[in-house]
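Chain residues, written in single-letter form:
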Amino acid sequence: MILPPKTRSSYRTLPVKNKQLISNLKLLKERSQKLYGFSEDWFVFGNIYPLADTTIQTRKNKNCKLVDVKRIRIDKFRHSHVSFLINKYLKRKQNDTTKFFTMTSARLGHTIKVMQDTYLHLFDDIQNEIV
């Protein structure tokens, strides 16, 4: 069952700069447009209906096995994404956690408080500097 987002702020637009991803998405759309009954309202993955949770789970497990990675719960991809962003942010010698959480909370649809409660521990290096 498809439900509306929990809050209005759950609707968000995410910028994409990866040329390969953009190219692949355009190709997918071109192929979908050739299918009978195509509609701009179709889902990116699944067409008329979104992919079933079991399909996503099965494909994730298959790909984890292919690359010899321990099974990962689907929700952990969000945490991995935030960890990746924090790592990139710190490598650029940025350490303004308020700025980071403000930018990232909008991307993930979280409040800044939820972001801080969930991910602040990943900024241990900054906390050590403060001490």
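One can find the structure itself at the top, above this paragraph.
Residues numbered from 1 in each chain as written. Predicted model: local features only at pLDDT ≥ 70, side-chain atom pairs only at ≥ 80, totals over all residues. Heavy atoms only, no water.

*Asks:* Before we go on, may I ask you to explain the packing of helix H3 (residues 76-91) against helix H5 (residues 112-119) in this structure?
*Replies:* In helix packing, the relevant descriptors are the interaxial angle and the interaxial distance, both defined with respect to the helix axes. Two elements in contact, H3 and H5, have axes separated by 12 Å at closest approach and are oriented at 85°. Between H3 and H5, the angle is such that the two are roughly perpendicular. Contacts between H3 and H5 involve Arg78, His79, Val82 and Ile86 from the first element and Met115, Thr118 and Tyr119 from the second. Residue composition of the contact of H3 with H5, by class: 4 nonpolar, 2 polar and 1 charged. (Axes fitted to C-alpha atoms, helices over the stretch in contact; angles between N-to-C directions. Helix = DSSP H or I, 4+ residues; strand = E, 2+ residues; numbered from the N terminus. Parallel < 35°, antiparallel > 145°, perpendicular 65-115°, else oblique. Contact = heavy atoms within 4.5 Å. Nonpolar A, V, L, I, M, F, W, Y, C, P; charged D, E, K, R; others polar.)

*Asks:* Would you take a moment to explain the pattern of salt bridges for this structure?
*Replies:* Any two side chains of opposite charge can pair, on the condition that their charged atoms come close. Applying the stated criterion across every chain yields a total of 4 salt bridges. Its salt-bridge partner being Lys113, residue Asp117 comes within 2.9 Å of it at the nearest N-O pair. Residue Asp117 and its partner Lys113 are located together in helix H5, separated by 4 residues, close to a single helical turn. For Lys113, a relative accessible area of 54% puts it in the exposed group. Each of Arg73, Asp75 and Lys76 takes part in salt bridges that share partners, so that together they form one network. (Salt bridge = Lys/Arg side-chain N within 4 Å of Asp/Glu carboxyl O. Buried < 20%, exposed > 50% of the residue type's maximum accessible area, 1.4 Å probe, protein only.)

*Asks:* Help me out: how do you make sense of the packing of aromatic side chains in this one?
*Replies:* One pair of aromatic rings is described through two measures. These are the centre distance and the angle between the planes. Counted under the stated rule, the structure contains 3 aromatic pairs. Ring geometry for Phe38 versus Trp42: centroids 5.4 Å apart, planes at 70°, classification edge-to-face. According to the relative accessible area criterion, Phe38 is partly exposed, its value standing at 25%. Three or more aromatic residues joined by ring pairs form one cluster here, namely Tyr89, Phe100 and Phe101. (Phe/Tyr/Trp six-rings, centres within 6.5 Å; stacked < 30°, edge-to-face > 60°.)

Without other data, these values stay purely geometric and don't point to any function.
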